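Architecture at a glance
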Amino acid sequence: MRDFSGAVMTNRPFTEEINRLFLDTAAAMHARFLDDPSLAGNEPGLCSLKEVYGMFSPATAREEIARGHDGEIPARILEGWEMARDHLPADVMDVVEPLVRDPAPLCRALQAFPFTLIHGDYRHSNFALTPGPDTPRGVVLLDWQLAAHAPPAVELGRYLGANSPLLPESKDAALSYYRERFFSELKGRDRSGHGRSWWEAQEDLALLGGFVQDGWAIVLKATHWHVGSRDREHWRADLSWWADRVRRGAERLR
């Protein structure tokens, strides 16, 4: 195996070029595998949406602690979700808490949209850059354990949740850029027949899912966790952005 340890992006700010490279890579992969029948069923060994959204749930954390997990993360998951009520509006938590316990309603809603291959953990620590003469040539994606068959915007929930302070632009700008690249990729592959009518609804639902997946960590980073502490004010501002996205996603569940 090749050693990419020196090229991994862990906690390194993204330049505009690098951010677009990551978004271009995601858009190309998602367009390539959109509605690919080989991804259906259990044969590819991909995660389900329920497994993606349950990865950082309190139930999973308690199971890991019961098994003797001695790392920090399970306890932090429990702590983050316990603190969330103190730092987010009640109407937001009324939506999020039931889905953290059981994401099945969200998963069912997302089933209505085109599926593709997603990496599932699309964040800085899983990105490495291949070098070029002057600029990065490409992206190496590490740690595919959460690879899943899911609507494309599910990838963006994790990307925006985990990478937020590293981005060179707003989360809304990143969403807009990705969206244009994705539909451009579909057109380039002569698959523009999907149109765009389905995109907004699945984006709203997928970003609600992004907070179900990462909300515990965002709350902790906005308050007292040493992880991300240098960007504390950024994470605090993020809570308002995510609250709005949760509300928009909740409208799609009704």
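The rules we used
Each chain has its residues counted from 1, following the order in which its sequence is written. Thresholds applied to this predicted model are a pLDDT of at least 70 for local features of residues and 80 or more for the giving and counting of side-chain atom pairs; totals over whole chains, interfaces and linings are not thresholded and use all residues. Calculated side-chain values reflect all of the structure's heavy atoms, with hydrogen atoms and water omitted. All axes are obtained by fitting lines to C-alpha atoms, using only the stretch in contact for helices, and the reported angles, taken between N-to-C directions, cover 0 to 180 degrees. Helical segments are the DSSP runs of H or I of at least four residues, strand segments are the runs of E of at least two, and each set is numbered from the N terminus. By definition, any crossing whose near helix is turned counterclockwise from its far helix by less than a right angle is left-handed, and any crossing with a clockwise turn is right-handed. Here, residues are in contact when the closest pair of their heavy atoms is within 4.5 Å. Each residue is assigned to one class: nonpolar for Ala, Val, Leu, Ile, Met, Phe, Trp, Tyr, Cys and Pro, charged for Asp, Glu, Lys and Arg, and polar for all the others, Gly among them. For the purposes of this section, nonpolar cores are sets of buried Ala, Val, Leu, Ile, Met, Phe, Trp, Tyr and Cys residues that join through side-chain atoms within 4.5 Å. The rule is simple: take the accessible area with a 1.4 Å probe, protein chains only, and divide by the maximum for that residue type; under 20% is buried, over 50% is exposed, in between is partly exposed. Only one rule defines a salt bridge in this text: a Lys or Arg side-chain nitrogen within 4 Å of an Asp or Glu carboxyl oxygen.

**Looking at the packing of helix 5 (residues 90–101) against helix 10 (residues 232–253)**
- The N-to-C vectors of helix 5 and helix 10 enclose an angle of 65 degrees; their axes lie 9 Å apart at closest approach. For the pair helix 5 and helix 10, the sense of crossing is left-handed. Residues D91, V92, V95, V96 and L99 of helix 5 lie in contact with helix 10, whose contacting residues are A243, V246, R247, A250 and L253.
- Split into classes, the residues belonging to the contact of helix 5 with helix 10 amount to 8 nonpolar, no polar and 2 charged.

**Observations concerning the nonpolar core**
- Core analysis: the biggest nonpolar cluster contains 77 residues, and F14, F22, Y53, Y159, L160 and F182 have the highest contact counts within it.
- With 14 residues, the single largest contributor to this core is helix 9 (residues 199–223).
- Apart from the residues within four sequence positions on either side, F22 is in contact with M9, F14, Y122, F127, L129, V139 and Y159.
- Membership of the second largest hydrophobic core comes to 5 residues, among which are F4, A7, V8 and V140.

**Considerations on the pattern of salt bridges**
- If you walk through the whole model with that rule in mind, you get 26 salt bridges.
- Here R85 makes a salt bridge to E97, at a shortest N to O gap of 2.9 Å. Taken as a pair, R85 in helix 4 (residues 73–87) and E97 in helix 5 lie far apart in primary sequence, 12 residues in all.
- Salt-bridge contacts for R181 lead to E185; the nearest nitrogen and oxygen are separated by 3.6 Å. Taken as a pair, R181 and E185 lie in helix 8 (residues 171–188) at a separation of 4 residues, close to a single helical turn.
- Residue R181 is classed as partly exposed on the basis of its relative accessible area of 25%.

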